[in-house]
Amino acid sequence: MKKSVLFFCAALGALAFLPTKSDADWMRSNGPWSATVMDIVADGSNLFTATRGGGVFISTDNGSSWMPLDNGLTNPYVNSLGVSGTTLFAGTTTVASGTSLFAGTTTLYGGIDGGVFRSTDNGATWALASVGLTNPSVNSFAVSGSNLFAGTDTLNGNGGVFLSTNNGDNWTRVSNGLPLDHVLTLVVNGTSIFAGTSSSGVYLSTDNGASWNAVNNGLTNLTIAVLAVSGNDVFAGTNDGVFISTDNGSNWTQVNSGLTSLFIHSLGVSGTNLFAGTENGVFLTTNNGSSWTQVSSGLANRYIFSIEASGSELFAGTWGSGVYRTSDNGGSWTVASAGMTAGDIRSFAMDQQNFFVGTGGGGVFLSTDNGANWDNVGLINEFVYSMAARPDGQGGASIFAGTMGEGMFRSTDEGVTWTPSSSGITVPLIWSMAVIPNGNQLDLFAGSWGGGVFFSTDDGDTWTAGGVIQGAPLIASITYNNNYIFVASWSSGVFRSSDRGLSWTPVNAGITNTFVNALWINGNDLFAGTLGGVFHSTDDGNSWTQANNGLTSSSIYAFIDSDTNVFAGAGSSNAEPGGVYLSTDLGANWNSVSPGLANTNIRCFAINNANLFAGTYGGGLWQRPLSEMIGGPTPTPMPTTTPTPTPTTTPTPTPTATPTVTPTPTATATATPTATASATPSPTPTSTPTPTSTPTATATPTPRHTPTPRPRPVPRPRPTPAR
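Just so you know, these numbers come straight off a predicted model, no measurement behind them.

**Notes on the environment of A401**
Mapping A401 onto the fold places it in strand β39 (residues 397-403). On the accessibility criterion, A401 (0% relative accessible area) is buried. Taking C-alpha positions, A401 is 8.4 Å from S411, a pair spaced ten residues apart along the chain. The residues contacting A401, other than those within four sequence positions of it, are L379, V384, S386, M387, G407, M408, F409 and W418.

**Observations concerning unusual backbone geometry**
Each neighbour pair has its own omega, and for G31 with P32 the value is 0°, a cis peptide bond. Of note, the phi angle at N122 is positive, near 65°, even though the residue is not glycine. When you line up the elements, N122 lands in the loop between β11 (116-119) and β12 (127-128). For N122, a relative accessible area of 25% puts it in the partly exposed group.

**Notes on the pairing of strand β60 (residues 621-625)**
Buried residues dominate β60, accounting for four of its five residues. Examined bridge by bridge, strand β1 (residues 27-28) and β60 share two bridges and lie antiparallel to one another. Bridged to R28 within β60 is W622.

**So, the sheet that holds strand β58 (residues 602-608)**
In spatial order, the strands read β1-β60-β59-β58; together these four strands make up an open sheet with antiparallel pairing. What marks the edges here is a single partner per strand, and that holds for β1 and β58. Here five bridges tie strand β59 (residues 611-616) to β60, and the two strands are oriented antiparallel to one another. In the strand pairing of β60, L612 is matched with R624.

**As for the confidence of the model for the protein chain**
The share of residues in the protein chain with pLDDT of 70 or more is 79%, and the mean pLDDT across the chain is 80. Between the elements of the protein chain, mean pLDDT differs from a low of 33, seen in strand β61 (residues 687-688), to a high of 98, seen in strand β53 (residues 545-546). Low pLDDT, under 50, characterises residues 107-112; the predicted model gives this stretch 29 contacts beyond four residues in sequence or across chains. Scored below 50 in pLDDT, residues 633-723 makes 463 contacts in the model with residues more than four places away or belonging to other chains.

**Concerning the sheet that holds strand β48 (residues 493-497)**
The pairing of strands in a sheet happens through backbone hydrogen bonds and is either parallel or antiparallel. One open sheet holds the four strands; their spatial order is β46-β47-β48-β49, and the pairing between them is antiparallel. Either end of the sheet is taken by a strand with one partner, and the two such strands are β46 (475-480) and β49 (505-506). Where β46 and strand β47 (residues 485-489) come together, five bridges link them in antiparallel fashion. When the sheet's bridge partners are listed, S477 is paired in β47 with A488.

**Re the pattern of salt bridges**
A full pass over the atoms with the stated rule returns nine salt bridges. D169 is the salt-bridge partner of R118, the closest N and O atoms lying 2.8 Å from each other. Note that R118 is positioned in strand β11 and D169 in the loop between β15 (160-164) and β16 (172-173), a separation of 51 residues in sequence. With a closest N to O distance of 2.8 Å, D461 and R410 form a salt bridge. With D461 in the loop between β44 (453-456) and β45 (464-465) and R410 in strand β40 (residues 408-411), the pair connects residues that are 51 residues apart, well separated along the chain. Taken together, the shared-partner salt bridges in this structure form one network comprising R390, R410, D459 and D461.

**Thoughts on the pairing of strand β51 (residues 525-530)**
Taken across its six residues, β51 has six buried, putting it largely inside the fold. Both faces of β51 are covered, namely the face carrying D525, F527 and G529 and the face carrying L526, A528 and T530. As defined by bridge partners, strand β50 (residues 516-522) adjoins β51 across six bridges and the pair is classed as antiparallel. From the neighbouring strand, L519 faces β51, where its bridge partner is A528. For β51 and strand β52 (residues 533-537), the ladder comprises five bridges, and the chain directions are antiparallel. The residue bridging A528 from the neighbouring strand is F535, located in β52. A loop of two residues connects β51 with β52, the two strands running antiparallel in sequence.

**Section: the environment of S200**
Position of S200 among the secondary structure elements: in the loop between β18 (192-197) and β19 (202-205). Among the residues examined, S200 registers a relative accessible area of 18% and is labelled buried. Measuring from C-alpha to C-alpha, the distance between S200 and H182 comes to 8.9 Å, with 18 residues separating the pair along the chain. In this structure, S200 is in contact with P179, D181, N216 and L222, ignoring residues within four places of it in sequence. Within the local environment of S200, its side chain forms a polar contact with the side chain of D181, the two groups lying 2.7 Å apart.

**Observations regarding the nonpolar core**
In this structure, F559, F567, V580, F605 and L612 are the most contacted members of the largest nonpolar core, which totals 29 residues. Elements with a minimum of two residues in this core: β50, β54 (556-562), β55 (565-570), β56 (579-583), β58 and β59.

**A closer look at the packing of aromatic side chains**
Tallying each qualifying case throughout the model produces 14 aromatic pairs. Consider the rings of W319 and F383, whose centres lie 5.9 Å apart with planes at 50°: the pair is tilted. One end of the pair, W319, is in the loop between β30 (313-318) and β31 (323-326); the other, F383, is in the loop between β37 (375-376) and β38 (384-391), and 64 residues separate them in sequence. For the pair W319 and F383, a shared accessibility class is recorded, and that class is buried. The ring of Y484 has R496 lying over it, and the distance from NZ or CZ to the ring centre is 4.4 Å.

Definitions and cut-offs
- Residues numbered from 1 in each chain as written.
- Predicted model: local features only at pLDDT ≥ 70, side-chain atom pairs only at ≥ 80, totals over all residues.
- Heavy atoms only, no water.
- Helix = DSSP H or I, 4+ residues; strand = E, 2+ residues; numbered from the N terminus.
- Buried < 20%, exposed > 50% of the residue type's maximum accessible area, 1.4 Å probe, protein only.
- Contact = heavy atoms within 4.5 Å.
- Pairing = 2+ DSSP bridges.
- pLDDT = per-residue confidence, 0-100.
- Salt bridge = Lys/Arg side-chain N within 4 Å of Asp/Glu carboxyl O.
- Polar contact = N/O pair within 3.5 Å; in protein donor to acceptor, adjacent residues only side chain to side chain.
- Core = buried A, V, L, I, M, F, W, Y, C linked by side-chain atoms within 4.5 Å.
- Phe/Tyr/Trp six-rings, centres within 6.5 Å; stacked < 30°, edge-to-face > 60°.
- Lys NZ or Arg CZ within 6 Å of the ring centre and 35° of its normal.

Here is the structure:
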C-alpha cells in the first residue's frame, strides 16, 4: 500500500559539537532538547548528567550546551553520577576519589552490559568494570578513603552493597546485616557510611561495610530516595518528606514545615542551603529544614529528579525536559538543555510544514523547519503517547495529543494553546490514534488503556465508545484498509471491525504471541509486531505466518515502509540487541541496519524526503538516508496535510457507548495520520498503517509491564522495564 503522507518521527541536522558518524551510520538529530535526567554532578568546570536511555552528557560551558559521552558505554540507561576530582560515579548519590570516572547502569531495560562503567579520560571513553559485581543494576556510589562502594538492586539475593578497594577493578559483596532490598542511595559522613533502601529505611556501617545496622529511630517512612550530608547533619529524602539526624543516624526528626510536596527525589547542598527536588518543583531551606520555601519560578517541568550545585549556579534535572539552571538560589530558572538529545520520543503529528513530537514527560515539541530547530509548545510535564493531525478543510488542522493520565488535548493554533478534548472518553490513558476516512469526512479513532476504542466525528468535540474488545486492556495500535479497521491489543492479539468499531472480532489464527505492539499495512500485506517477533497476513488477518528470519530481536515495536521495503523497530531486552531491521521481500527475510545507533530501543519511525528517522526510548531522535540501506533513488513522500478521504464500503453507524473499565494508567501510544511512521515507546508504541488509498500513519508505543499513571518510581526512579 502506498502512502501519500508520511508521519515525521525525528529531526534533521546535527549540532556541530555532537559527535559525527560516518556516512553509513545513523546520526543523532538536532533535537528536540529533552531528557530524563537521573543525576547531575559537577567536577570543576565540567558538568555531567546521567540520563535514562541517553547515556552520559557533559557540559563545559556551565550548561549552555551538552555533548554525549557514549563511546564504550554500551548501556545507555545510567542511574546516577558522582564526581570527586576526576572520578565520576553513576548512582543516586555520588562521591568519588582517584582519577577514574564511573558510570552505574541498569539492566531493567535490557542493557546488554549492565553494572559499572569506568572512564579514565573524563568520559571520552568507557569500559566495563564489573568483575565480581553479581548484581548489574547499580543505583549509587560512595567513596570512603580508598574504598569505593556501590549500591545495587536486589537480584536473586545478590543485591545490596559492593566494595572495591582497587578503583573498580574487582568488587566484593559487603552486605552483612542489610536486608534483601534495593540500595538506592549511599552517603559518607566521616568514617560512617549510610545506605538508604527502597523499603527498609537507613542502614549504617562504621567498619567499611563489613557490617550494617538499621538506624531508623524516628523515621516514619522507610522508603529512602536520597541521603545527603550538610555539615555534621545527615538528611534523608523519603516518600513522606525530609528527615534530619544530628547524631549520625541514631535519631531522626521530620522537618517538613513549608514542604507542600512530600515525594522527595533529590537533595542538593550548596553552602548552608539545602534544596529538595520533588514532584512539584524545588524547595529551599536555609535553616536545616526547620522551614522550607518553594523556589520553582520558571520551572515549566516540576518533576525534579536531581539537583547539583556548581559554584554560584544550581542545576535541576527533570523527568522528560532535561536540565534547568538558576543563579539566584532558585529565584528564577531557565532551560539549560541545548544538545541534550536523550528524550523519550513517543508520538508524532504533521500539519503542512509543522512537525510535532510528543515526548514522555516533556510534553510537545514543534519544528517548523523539518527538524532543524525545536520549540517546546506546551503540555510540559505530560506523557504524550499519541498524536494526530486532523485537517479542517481550510488549510489548517486540529492537532490532538493523547496523554498518560490526563486524557485527550486539542490545539487549533499550531500548538500555541491546548484545551482538554475528552468529552465522552471515560479513561485517562490515550495510547494510540488514527484519522480514518469516512465518505467525505475524516473521523478520529483513539485507543486507550482500559476503555477500548473511542471515535469522534466532530473534530474531537465529543467521543463515543466503540464496541467491547474482550480481554484487551490496552489498544496499542490502530490502522485500516478499505474494508476493515484493525487494532492491536496488549495480551489478546489483533481485532478487526467491518462496521467502523461497532463490533470487533479477534483475528489471531497463527499468531503465537498475542502481545501485539504495532500494526502496519503495505498493499495487501498486514504486519503485526509482537513480543514474539513479526507476523504476516495476506488475507486481512484471517491467517498469520511468523516472519522472523534474520531477526535477532523478538520485541517489535514499530514498522514503516518505503515502496516494498519494510522496516521494523525492535527494543533491546536482556541479551537481544534491538535496533532497526529491513526486509526487501515483504518480511520473508530481515537484516539489521543499525550501525551508529547508541540507543537501540526503537519506538517509532518516520520518513521525510530521503531520510529514515528513528525515535528511541530515552535516546532521542536519529536519522539515516534511505539510500544507504535500500540503495537507489528513494521516493520522497509529498506531505499532504489533508488526505483525500476515501469512501468506505461500510456505512457509518453511530455506535452506542459501551461501559469502559477504569484502567490503571500506563503509557499511551502515539499514532498519527499524516505520515507513515510507527512509534513505540518503552511501554511499546506501535504504528498505525495507512490504507492504500488514503494513507495515514500512526505511531503507538507499547506498555510497561505494570501500568502506572505517571511513572513514580521509588524515590530515585530508575527506568521501567520495557518490553
